[in-house]
Amino acid sequence: MNIYENCPEFESKKFFVRLFQNEDCDDLLKVYSDKNALPFFNSDNCDGDNFYYATKERMSEALEFWHMSYENGWFVRLSIVDKAASGVIGTIELCLRVSEDKFNHMGILRVDVRSDYEQEDVLYDIFSLITPKLEELLGCNGVITKAPLYAVERIKAIQKAGFTKSQQLLIGKTGYAYDGYWITR
């Protein structure tokens, strides 16, 4: 299966995960303008973008970039819909890492949610829904995700989902070494 030709959808009791749509803009603005959520977003190796979008115009520009990135096979961005609230509460970014470091040919899993969803049970539901499918979707040799030391709820969720703390640093395009990565194979 090629995720860039046919993007699958995923569903749990609480969440529906699908390719993002332009109609998600207002809900996503609530996510990416949430200053309390910002510290949990992984912007490593993203050319200086910290994913803080305070205006609808800036959020729309990000959506355009996400469309272009998907069309070019760089990464896929999925919207996380809370079925009870009938709204988008975050996104998942997936891509295959090609690098010279220990994380070569691994899937990168980024999960961005509003700060009121940065809870162990919510994050576990999302990570456990997506992670087992990534090897098939991306053709990867394992999955990495980032959780800084202060992301206590996120760390509990990813440990429960089978991730372990990596002792290796992720080496970025510019040679900068990033820490805080967790891995599952």
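A quick note: this is a predicted structure, and the numbers were derived from the prediction, not measured.

*Asks:* What am I meant to see in the sheet that holds strand S7 (residues 164-165) here?
*Replies:* Strands belonging to one sheet form pairs held by backbone hydrogen bonds; the direction of such a pair is parallel or antiparallel. The sheet built from 8 strands is open, its strands ordered S1-S2-S3-S4-S5-S6-S10-S7 with mixed pairing. With partners counted over all chains shown, the strands left at the sheet margins are strand S1 (10-11) and S7, one partner each. The sheet contact formed by strand S3 (residues 76-82) and strand S4 (residues 87-96) spans 7 bridges and is antiparallel. Across the sheet, residue Ser-79 finds its bridge partner in S4, namely Thr-91. Here helix H1 (residues 25-32) sits on the sheet in contact with S3, S4 and strand S5 (107-113), set at roughly 80° to S4. With respect to the sheet, helix H5 (residues 152-160) is in contact with S5, strand S6 (143-146) and strand S10 (181-184), its orientation differing from that of S10 by roughly 15°.

*Asks:* What is the right way to read unusual backbone geometry from this model?
*Replies:* Backbone geometry follows two general trends: most residues other than glycine have a negative phi, and most peptide bonds adopt the trans configuration. The phi angle at Ser-86 is positive, at roughly 55°, despite the residue not being glycine. According to the relative accessible area criterion, Ser-86 is exposed, its value standing at 63%. Phi is positive for His-105, close to 65°, though the residue is something other than glycine. Residue placement: His-105 occurs in the loop between S4 and S5.

*Asks:* What is the right way to read the state of the cysteines from this model?
*Replies:* What we call a disulfide is simply a covalent bond connecting the sulfur atoms of a pair of cysteines. Scanning the model with the defined rule gives 0 disulfides in all. Take Cys-7: it sits in no disulfide, and the sulfur closest to it among the cysteines is that of Cys-95, at 14 Å. Cys-7 gets classed as buried once you look at its relative accessible area, which sits at 17%. Judged by relative accessible area, which is 10%, Cys-95 ranks as buried.

*Asks:* What is the right way to read the pattern of salt bridges from this model?
*Replies:* Pairing between side chains becomes possible if they bear opposite charge and their charged atoms approach one another. A complete count under the given rule lists 15 salt bridges for this structure. Between Glu-61 and Arg-58 there is a salt bridge; the shortest N-O distance is 3.6 Å. Residue Glu-61 and its partner Arg-58 are located together in helix H2 (residues 56-71), separated by 3 residues, close to a single helical turn. The partly exposed category is assigned to Glu-61, whose relative accessible area is 39%. Between Glu-120 and Lys-156 there is a salt bridge whose closest N-O contact spans 3.9 Å. Within this pair, whereas Glu-120 is found in helix H3 (residues 120-130), its partner Lys-156 is found in helix H5, the two being separated by 36 residues in sequence. A single salt-bridge network, built from bridges that share partners, covers Arg-77, Glu-93, Arg-110 and Asp-112.

*Asks:* For this particular structure, what's the right way to read the pairing of S4?
*Replies:* Burial of S4 is extensive: 9 of the 10 residues sit out of reach of the surface. Hairpin connection from S3 to S4: 4 residues lie between these consecutive antiparallel strands, with Ser-86 at a positive phi of about 55°. Of the strand pairs in this sheet, S4 and S5 are connected by 7 bridges, and their pairing is antiparallel. Looking at the pairing, Ile-92 lines up with Val-111 of S5.

Here is what the cut-offs are and how they apply
- Residues numbered from 1 in each chain as written.
- Predicted model: local features only at pLDDT ≥ 70, side-chain atom pairs only at ≥ 80, totals over all residues.
- Heavy atoms only, no water.
- Pairing = 2+ DSSP bridges.
- Helix = DSSP H or I, 4+ residues; strand = E, 2+ residues; numbered from the N terminus.
- Contact = heavy atoms within 4.5 Å.
- Axes fitted to C-alpha atoms, helices over the stretch in contact; angles between N-to-C directions.
- Buried < 20%, exposed > 50% of the residue type's maximum accessible area, 1.4 Å probe, protein only.
- Disulfide = S-S within 2.5 Å.
- Salt bridge = Lys/Arg side-chain N within 4 Å of Asp/Glu carboxyl O.

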